[in-house]
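# Coordinates in review
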Amino acid sequence: MRLTTICYIEKDEKYLMLHRTKKENDQSHDKWLGVGGKFEENESPDECVVREVKEETGLTLLSYKLRGVMTFVSDIWETEYMFIYTADRFEGELTKCSEGELLWVEKSKVPDLNLWEGDILFLKKLMEDSEFFTIKVQYQGEKLIYAVEKSS
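Figured I'd write up the structure that's included with this text. Bear in mind that the values here come from a model prediction, so they are computed numbers and not experimental data.

## Overview of the state of the cysteines
Within this structure, the stated rule accounts for zero disulfides. In this structure Cys7 is not part of a disulfide, and its nearest cysteine sulfur, from Cys48, lies 11 Å away. We classify Cys7 as buried; its relative accessible area is 0%. Since its relative accessible area comes to 0%, Cys48 is described here as buried.

Shown next as structure tokens:
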């Protein structure tokens, strides 16, 4: 089982997106994602997202919100529980990312990027400013075969 965070940082109706191109053996190679990563020992979700955003972008989050939790089940990868955040205030200068290219993308154009099918489900909820939600998805290889959503 893997615990992760992901954060969609907002500025001027855009999200900061990471095009994953640099890591070897990356299950998300060539996909576009928010920024985030795996929990370190004894970290809370909030501590993880703040640390991961700082490491991957150079930015320090000043205002962020936990929006939902996603469960990924796969026939290839271990089950992943991902805490999904948005952030609307930050400080610092954007730095280069060791995992790929960081780019501000208009929210309306994000669904046109090469995304995981399951990510489209939670991105829709983020863009609609939905209440807290949970989503479970199941993949066979890279194909989404099952999804169930629940909002508070």
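Let's pick the thread back up.
## Examining the environment of Phe132
One can find Phe132 in the loop between helix 2 (117-127) and strand 8 (133-140). For Phe132, a relative accessible area of 31% puts it in the partly exposed group. In this structure, the C-alpha to C-alpha distance between Phe132 and Ile84, residues 48 residues apart in sequence, is 9.8 Å.

## Looking at the pattern of salt bridges
Across all of its chains, the model carries ten salt bridges by this definition. Taken together, the shared-partner salt bridges connect Glu40, Glu43, Arg51, Glu52 and Glu55 into one network.

## Section: unusual backbone geometry
Even without a glycine there, the phi angle at Glu13 is positive, about 60°. With respect to the helices and strands, the residue Glu13 is situated in the loop between strand 1 (2-11) and strand 2 (14-20). Assessed through its relative accessible area of 58%, Glu13 is described here as exposed. Despite not being glycine, Asp129 has its phi angle at roughly 55°, a positive value. By secondary structure assignment, the location of Asp129 is in the loop between helix 2 and strand 8. Judged by its relative accessible area of 57%, Asp129 is exposed.

Criteria and cut-off values
- Residues numbered from 1 in each chain as written.
- Predicted model: local features only at pLDDT ≥ 70, side-chain atom pairs only at ≥ 80, totals over all residues.
- Heavy atoms only, no water.
- Disulfide = S-S within 2.5 Å.
- Buried < 20%, exposed > 50% of the residue type's maximum accessible area, 1.4 Å probe, protein only.
- Helix = DSSP H or I, 4+ residues; strand = E, 2+ residues; numbered from the N terminus.
- Salt bridge = Lys/Arg side-chain N within 4 Å of Asp/Glu carboxyl O.

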